[in-house]
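Observations on chain architecture
If you want the building blocks of each chain, they are given just below.
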Amino acid sequence: MNQLNQVIEGAVDATSFSGVVFVKLDGNVEFENAYGYADRSNKIPNTTDTRFGIASGTKFLTALGIGKLIDRGELSLTSRLCDCVNIDFPHISEDVTIHHLLTHTSGVYDYYDEELVEDVDNFQLDIPCFELKGLRDYIPLFRDGRMKFNPGERFSYSNGGFILLGIVIEEISGTPYIDFIQENVFESCDMNDSGFFAMDRLPERTAFGYIDGEEGWRTNIFTLPIIGSSDAGAFTTVKDMDKLWRAFFDEKILSKRLTNLFLEKAVKDKGDRFYGHGVWIYHEEGVDPIHYLIGWDAGVSFRSTCPSKDSVITVISNTSSGAWAIDREIMKQLRIYAVGHKSP
């Protein structure tokens, strides 16, 4: 794997990468290293144990939380949203189901529509980010929005849809979303370095997210919600991501039936890119499907790929686009071309 090491180090030098790279192939860790600073002001370096935000990688955690409720018999994929939440959404179709929300086929209005947002580094919501402390704080952002299309009609990535799934978890379980994920995912997988941390109270070994611009750099504290939610904002490490994939494929989180179902292609996005339930799938004809998670936000770029059950490639960065070039070079080296998702 000397050539892989050289490729990674070359890409790191060429891009001034800040973050961590983790490559495990067939059960063996072939590469693991950290670069750049977790705290630029105080010159505190990133380490392989540094915690990073994963943006939309959080959606997989939410899907697993929903899966827990399904396995317990408290919910089903065919359950209608209107039967699960005690909140009036006047324009959301009564036909929207849990399956639609998990697969981004619900058509519900999205408060952060990635088909329209062009500049993640400077995007501002109508509610100040420091006021977004709980899932219900998001409701005014999309409660009165019109449906984009009829449920099941097509794929359209929806952050708002996953906020609704988090509210479903809270109403069905009677437990705050963050506490539910902490107990049923992080603790059950021994992900001891993962969690939802307030941006103004980050714990030790947590990297600040950085936005680089013409006037220099700034942190993302005034750009992202004060604490993560069911669509984005969890923090984790590359080692905890390895634990998560391993526990998932070993059916330690969900039942065998539901694990297999979540991994199946549920809807086509475009080309060879598909979506399951909370997970992206790249599937070229004639080869095995590749499952992966991706997160992108101001001061955050993250991709974690499972080419096979015992192989994990995770590139995580505390800059808005740092992960993409590194991940792309690794995939070329391993002949996993593009991993089905064009870099933002």
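Residues numbered from 1 in each chain as written. Predicted model: local features only at pLDDT ≥ 70, side-chain atom pairs only at ≥ 80, totals over all residues. Heavy atoms only, no water.

With that settled, consider the overall build of the protein chain. Along the backbone of the protein chain there are 10 helices and 14 strands. Since a compact globule built from 344 residues should have a radius of gyration of about 20 Å, the 19 Å found for the protein chain is in line with a globular shape. Seen through its principal axes, the protein chain has C-alpha atoms that stretch 55 × 45 × 35 Å. Across the 344 residues that make up the protein chain, the buried fraction comes to 56%. Across the protein chain, contacts joining residues at least 24 apart in sequence account for 66% of those joining residues at least 6 apart. With the model as given, the accessible surface of the protein chain reaches about 14900 Å², and the carbon-plus-sulfur share is 45%. Of the side-chain charges in the protein chain, 33 are positive and 52 negative, and the distance between the mean point of each set is 2 Å. (Helix = DSSP H or I, 4+ residues; strand = E, 2+ residues; numbered from the N terminus. Rg over C-alpha atoms; globule rule 2.2 N^0.38 Å. Buried < 20%, exposed > 50% of the residue type's maximum accessible area, 1.4 Å probe, protein only. Contact = heavy atoms within 4.5 Å. Areas by Shrake-Rupley, 256 points an atom, 1.4 Å probe, with all protein chains shown as cover. Lys, Arg positive; Asp, Glu negative; His and termini not counted. Charge placed at Lys NZ, Arg CZ, Asp CG, Glu CD.)

Counted by the stated rule, this structure contains three cavities of 30 Å³ or more. Around the largest cavity, the lining comprises 39 residues; the ones closest to its centre are T223, L224, P225, A232 and D297. Every element with two or more residues in the lining of the largest cavity is listed here: β5 (52-53) and β12 (290-297). Here the lining of the largest cavity is built from residues that sort into 23 nonpolar, 13 polar and three charged. Space inside the second largest cavity adds up to approximately 50 Å³. What lines the second largest cavity is simply S56, G57, K59, F60, Y157, Y275, G278, V279, W280, L293 and I294. (1 Å grid on protein atoms, 1.4 Å probe; cavity = no way out; pocket = protein on both sides within 12 Å on 5 of 7 lines; lining within 4 Å. Points joined across faces, edges and corners; volume = space filled by probe spheres on them. Nonpolar A, V, L, I, M, F, W, Y, C, P; charged D, E, K, R; others polar.)

Our next topic: the confidence of the model for the protein chain. Summing up the model confidence of the protein chain, the mean pLDDT is 93 and the portion of residues at 70 or higher is 96%. Overall, residues 337-344 carries pLDDT values under 50, and its contacts beyond four positions in sequence, including any with other chains, amount to 26 contacts. (pLDDT = per-residue confidence, 0-100.)

Attention shifts here to the side chain of D231. Along the chain, the position of D231 falls in the loop between β7 (216-219) and β8 (235-236). One buried charged residue, D231, remains without a salt bridge, the closest side chain of opposite sign being K59 at 4.9 Å. A distance of 2.4 Å separates polar atoms of two side chains, one belonging to D231 and the other to Y111. Beyond its immediate chain neighbours, meaning those up to four positions away, D231 contacts A55, S56, T58, K59, Y111, N159, F162 and I163. (Salt bridge = Lys/Arg side-chain N within 4 Å of Asp/Glu carboxyl O. Polar contact = N/O pair within 3.5 Å; in protein donor to acceptor, adjacent residues only side chain to side chain.)

Turning to the pattern of salt bridges, a few remarks are in order. For side chains bearing opposite charge, pairing can occur when the charged atoms are close. Applying the stated criterion across every chain yields a total of 17 salt bridges. K239 is the salt-bridge partner of D49, the closest N and O atoms lying 3.0 Å from each other. One end of the pair, D49, is in the loop between β4 (44-45) and β5; the other, K239, is in helix α8 (residues 238-249), and 190 residues separate them in sequence. Note that R246 and D242 form a salt bridge whose closest N and O atoms lie 3.0 Å from each other. Of this pair, R246 and D242 both sit in helix α8, four residues apart, which is roughly one turn of that helix. Assessed through its relative accessible area of 40%, R246 is described here as partly exposed.

Moving on to the sheet that holds strand β1 (residues 19-25). Pairing is antiparallel across the open sheet formed by eight strands, whose spatial order is β2-β1-β14-β13-β12-β11-β10-β9. The open sheet is flanked by β2 (28-35) and β9 (267-270), the only strands paired with a single partner. Taken over all neighbouring pairs, the strand axes of this sheet differ in orientation by 20° on average, direction set aside. As paired elements, strand β13 (residues 300-308) and strand β14 (residues 311-317) share six bridges and run antiparallel to each other. Counted as the bridge partner of F302 is I316 from β14. (Pairing = 2+ DSSP bridges. Axes fitted to C-alpha atoms, helices over the stretch in contact; angles between N-to-C directions.)

Here we take up the side chain of K68. Here K68 is to be found in helix α2 (residues 58-71). Despite being buried, K68 has no salt bridge partner; D71 is the closest side chain of opposite charge, sitting 6.7 Å away.

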